[in-house]
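Residue-level structural notes
Here is what each chain is made of, one letter per residue.
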Amino acid sequence: MTRHATRPGGSARGGTAAPRTVVVDDSRFMRGLITDILEAGGVDVVGEAKDGTEVLSVVRDTDPDVVTMDVEMPQMDGIEAVEELMREHPTPVLMLSAYTEDGAEETFEALDAGAVDFFAKPGGEVSMGVSRLEDQLVDTVRSVAGADISGGGASTTTASRSATGTTAALTATSTHDVEPNTTVVIGSSTGGPDAVERVLSGLPGDADIRVLVVQHMPEAFTGRFAERLDDACDLDVSEATDGARIARGEALVARGGAHMEVSDYRDGRLRVKLVDEDRGQGVRPSANVTMESAAAVIDGPLVGVILTGMGSDGADGVEAISRAGGRVVAQDEQSCVVYGMPKRAAETGSVDSVVPLDDVAVGIVGGER
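Residues numbered from 1 in each chain as written. Predicted model: local features only at pLDDT ≥ 70, side-chain atom pairs only at ≥ 80, totals over all residues. Heavy atoms only, no water.

This part takes up the side chain of Ser188. Looking at the element boundaries, Ser188 is found in strand S6 (residues 182-188). Within the structure, Ser188 has its side chain in polar contact with the side chain of Gln215 (distance 2.5 Å). Setting aside residues up to four positions removed in sequence, Ser188 forms contacts with Val196, Val214, Gln215, His216, Leu307, Thr308 and Met341. (Helix = DSSP H or I, 4+ residues; strand = E, 2+ residues; numbered from the N terminus. Polar contact = N/O pair within 3.5 Å; in protein donor to acceptor, adjacent residues only side chain to side chain. Contact = heavy atoms within 4.5 Å.)

Dropping the structure here:
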C-alpha cells in the first residue's frame, strides 16, 4: 500500500506540519466560519469552493491534504463531488453534515463514495460547548488529513468491498472454529463504519457468537448504521436500547450519546444498559466502558477488537479483557484509515494478534489465546 508522500514546500499527509485544507460549502458565512475555526487551530486553509462543481478545479490548483465538504449543495451535492474527486484527484474528505436522520442517510452515501469521516456543521444543535466543538473539528481535520485512502480503507465502495477479503473471510471461517458462547466487543472511530461492516460481513451468522459494536457516532446516526450493518451481514443487528438482550447470532450497536454497559450475562444471553453520563472518557459511547463492563460480567469466551480510529479509546478496555482471560485482536497500520486506537491498544501489551482488516473476522473466529 502506498502511503501519502511529502511534497516540496508542503506538509506530509499524516505528518506534524499544518494540514493544507480546502473548505467547500454553498454558504459564504459557513465557509468563513469554518475557515476561521481551522486557521485559529493551526490548519492552513488554501482554498474555498461554493459547490461541488468548483471542487475539482480548486483541488487541482491547491493539492490540499484534506477537503471539508458540505453534504447538501446546489448544482452538484457533496456525494457527487466526493465521487468525482475520488476518480479525478483522490484526496481525504471530511463531510460536514447536519446531525439529523436525513443527514445520516446522505452522509453514509458519502462515506460509501469515499469520504473518510463526518462531523457536525458548526452552528448546528450540538450537545457540547462551542469551544470544545471547535477543538474537535480541528482535531478531526488533522486526523482525516493523515488518512490513507490509497488502499482498502475509506475509498472502497460497497460494491468493491464484496469482491475483496470479505468473501475469503466467510470461506475461511466456520462454526466449528467458534468457542461456544463467544462474545465479541468491537471499538472503532475514524474510518470505522466501513471497517465494522467488513468485519461483521465476515462472521458466520449461525455461529454461537454475539457482538457489541461501539462506533464513535452521534445519536441521529447509530440507528441507521445498525440498519446498514443488518443488511450487510448474516447477524441480526439492531441499535442498543436500555435493558436490551441479545443471544447467539445477534449484535447491538451502541447508541450515540450514551455509554453501553454489559449489565448481566447468563445462559449465553447478555443484557446491556445505557448510561447517560460522561465517565471521564471524552467520547460517548466509549469502547472502554463497554469492554471493561464485559470483562467484569461475562464469564464465557470474550474477544475484544480495536479497529481504525483516532485517539486512545479502547486501550483500557483491552487491558481489562486480557486480564479477564479474553483475546484481543487489533487492525494493522497498513489497512487502517487512521492508526490511532489500534496503536494505543497495541502499546498496552494486551493485543494477541495484529492483522489486516480483511483478516479480522478470521482472527475473531479462529484465533487462539
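Back to the write-up after that little detour.
With that out of the way, let us pick up the sheet that holds strand S10 (residues 250-253). Strand order in this open sheet of seven strands is S8-S10-S7-S6-S13-S14-S15, and the pairing throughout is parallel. Among the strands making up the open sheet, the edge pair consists of strand S8 (236-239) and strand S15 (353-355). Taking the axes of each pair of neighbouring strands and ignoring which way they run, one obtains an average angle of 20° across the sheet. Docked against the sheet, helix H8 (residues 192-201) engages S6, strand S7 (209-215), S8 and strand S14 (327-331), running at close to 175° with respect to S7. (Pairing = 2+ DSSP bridges. Axes fitted to C-alpha atoms, helices over the stretch in contact; angles between N-to-C directions.)

A few words now on the nonpolar core. Counting 80 residues, the largest nonpolar core has Met69, Leu200 and Val211 as its most contacted members. Ignoring any residue separated from it by four or fewer positions in sequence, one finds Val211 in contact with Val184, Ile186, Leu200, Leu203, Leu235, Ile246, Glu250, Ala251 and Leu252. (Core = buried A, V, L, I, M, F, W, Y, C linked by side-chain atoms within 4.5 Å. Buried < 20%, exposed > 50% of the residue type's maximum accessible area, 1.4 Å probe, protein only.)

Below, the discussion takes up the packing of aromatic side chains. Counting across every chain of the model gives three aromatic pairs. Both rings, one in Phe108 and one in Phe221, keep their centres 6.1 Å apart while their planes meet at 55°; by these two values the pair is tilted. One end of the pair, Phe108, is in helix H4 (residues 101-113); the other, Phe221, is in helix H9 (residues 219-232), and 113 residues separate them in sequence. In terms of burial, Phe108 and Phe221 fall into one category: buried. Summarising the aromatic geometry, the rings of Phe118 and Phe221 are spaced 4.6 Å apart at their centres and angled 10° between planes, so their arrangement reads as stacked. Here the residue Phe118 occupies a position in strand S5 (residues 117-120), and Phe221 occupies one in helix H9, the gap between them amounting to 103 residues. Residue Phe118 is classed as buried on the basis of its relative accessible area, which comes to 6%. (Phe/Tyr/Trp six-rings, centres within 6.5 Å; stacked < 30°, edge-to-face > 60°.)

A separate point is the pattern of salt bridges. Counting across every chain of the model gives 15 salt bridges. Linking Arg228 and Asp112 is a salt bridge whose minimum nitrogen-to-oxygen distance equals 2.8 Å. With Arg228 in helix H9 and Asp112 in helix H4, this residue pair connects regions lying 116 residues apart in the sequence. For the salt bridge of Arg198 with Asp194, the shortest nitrogen-to-oxygen distance reads 3.2 Å. Here the residue Arg198 and the residue Asp194 both occupy positions in helix H8, the gap between them amounting to four residues, near one helical turn. Residue classification places Arg198 among the buried positions, given a relative accessible area of 7%. Residues participating in the shared-partner salt-bridge network are Glu261, Lys273, Glu277 and Arg279. (Salt bridge = Lys/Arg side-chain N within 4 Å of Asp/Glu carboxyl O.)

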